[in-house]
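Spelled out, the chains give:
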Amino acid sequence: MATWACGMPARRLLLLAALRGGDPCLARGSGGGREYSKDHESSWFRSLFVHKVDPRKDAHSNLLSKKETNHLYKIQFHNVKPECLDAYNSLTEQVLPKLHSDSDYPCDLVGNWNTWYGEQDQAVHLWRFTGGYPALVDCMNKLKQNQEYLEFRKERSKMLLSRRNQLLLEFSFWNEPLPRPGPNIYELRTYKLKPGTMIEWGNNWARAIKYRQENQEAVGGFFSQIGELYIVHHLWAYRDLQSREETRNAAWRKRGWDENVYYTVPLVRSMESRIMIPLKISPLQ
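As the structure is a prediction and not an experimental result, all values here were calculated from the model. Here the residue index of a chain counts from 1 through its sequence in written order. Owing to the predicted nature of the model, reporting of local features is limited to residues with pLDDT of at least 70; listing and counting of side-chain atom pairs is limited to 80 or more, with chain, interface and lining totals taken over all residues. Processing note: side-chain calculations cover all non-hydrogen atoms of the structure and skip hydrogens and water entirely.

**With respect to the pattern of salt bridges**
One speaks of a salt bridge when a side-chain nitrogen belonging to Lys or Arg is within 4 Å of a carboxyl oxygen belonging to Asp or Glu. Applying the stated criterion to the full structure yields 11 salt bridges. Across the pair R128 and E176 runs a salt bridge, and its minimum N-O distance is 3.6 Å. Remark: E176 occurs in the loop between β6 (160-170) and β7 (185-193) and R128 occurs in strand β5 (residues 122-130); sequence separation between them is 48 residues. Exposure is judged per residue with a 1.4 Å probe applied to protein chains only, and the accessible area is read against the type maximum: over 50% gives exposed, under 20% gives buried, and values in between give partly exposed. Residue classification places R128 among the buried positions, given a relative accessible area of 11%. Strands here mean DSSP runs of E at least two residues long; helices mean DSSP runs of H or I at least four residues long; both are numbered from the N terminus.

Here is the structure:
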C-alpha cells in the first residue's frame, strides 16, 4: 500500500496536487478548502481497481471519431519573423477568406489566431474539409492552379521562420466547432500521449466532458492522424484569463472530475497550453 498523507493515498494526492498547482495536503482541502467527503472516499476507493478498456480489433480513428460528419481537420502552426507579424496577418486576412467563401473549395476556416502566451510571433489556423481525405486532395489540386494563392504562398514564405501542420479527426463526444461571437480568448491545450493510450484517453473524456460544458467553454476536441502521432488538441473559449481560472476551478468542485484527472494524467508524456487571440477573419471570435 502506498504511503498515506493528509488522508489520501500519496500517489493520487500528488497527481491531483500537481494538476491544481497546490500543496498535496490541500488537494482535497482541509482548513479553508472543501472537506474530503465520503463520496470522494468512495471515489478514490474505486480508483484502486485497475481501469481497463475493453479490447477492440479496430483502429482508434474508427472507434473515437464522428461517423456522421466525415470531417477532416488540418491545423497549421506558422512561426513568423517578429518584424513581419503585422504584414503576415494582413496578407492572411486578404486571401484566406476567399477560399472559405468559394464553394468550389470543399474547405472551411474554423479559426485563425495569434498566440498570446506560449510560442511568440506564431499564427495558428484550423481548417475543416467536408468529405474527408478526398475533399483534402481535391482542394490541394485546385490550389495548385490558383495563381493568387500561389503568389500568396510565395510572399508568405518570406515572412516565416518555420511551419508545420497535422491532419486531425474530431472526437465523437466533443462539440462541433461552430462560429461564435466575441470577444473571447482561446486556449489550445495540446497533449502528447503515450503510444497505445488513445482509446483509454477517449473513454475517460467521453465521461468527463460533461463537467466542462456549463459555461460553453468547450469548442472542439481533436486527435492527430498524420504528422506527429498520439497528439490530442482540446480547444476552449473564455471571456478572459480571470474567467478561465474561475471556470477551471469550478470543475474541481464537481464530483467525478478528479477521477478523470487521476486516470488520464498517467497517459500523458507532455502537455502544452497556448492562449490565443482571434484574427479579424476568424469565425471563432
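Picking up after the structure, the text goes on.
**Examining the sheet that holds strand β10 (residues 268-278)**
One key point about sheets: their strands pair by backbone hydrogen bonds, in either a parallel or an antiparallel sense. The strand order around the closed barrel built from eight strands is β3-β5-β4-β10-β7-β9-β8-β6, with neighbouring strands paired in antiparallel fashion. Across the sheet, the mean angle from the axis of one strand to that of its neighbour is 35°, orientation sign disregarded. Think of it this way: DSSP has to see at least two bridges between two strands before they count as a pair. Inspection of the sheet shows strand β3 (residues 71-80) paired to β6 by eight bridges, in the antiparallel sense. Within β6, the position partnered with Q76 by the bridge is N165. Docked against the sheet, helix α4 (residues 85-101) engages β3, β4 (107-117), β5 and β6, running at close to 165° with respect to β4. With axes taken as lines fitted to C-alpha atoms, and helix axes fitted only over the stretch in contact, angles between N-to-C directions fall between 0 and 180 degrees. Note on contacts: a residue pair qualifies if any of its non-hydrogen atoms lie within 4.5 Å across the two residues.

**What about the pairing of β10?**
Regular strands show a simple pattern: their side chains alternate between the two faces of the sheet. Summarising the sheet, β4 and β10 pair through four bridges and their orientation is antiparallel. Within β10, the residue paired with N114 across the bridge is I277. As defined by bridge partners, β7 adjoins β10 across eight bridges and the pair is classed as antiparallel. Counted as the bridge partner of L188 is R274 from β10.

These values are about where atoms sit, not about what they do.
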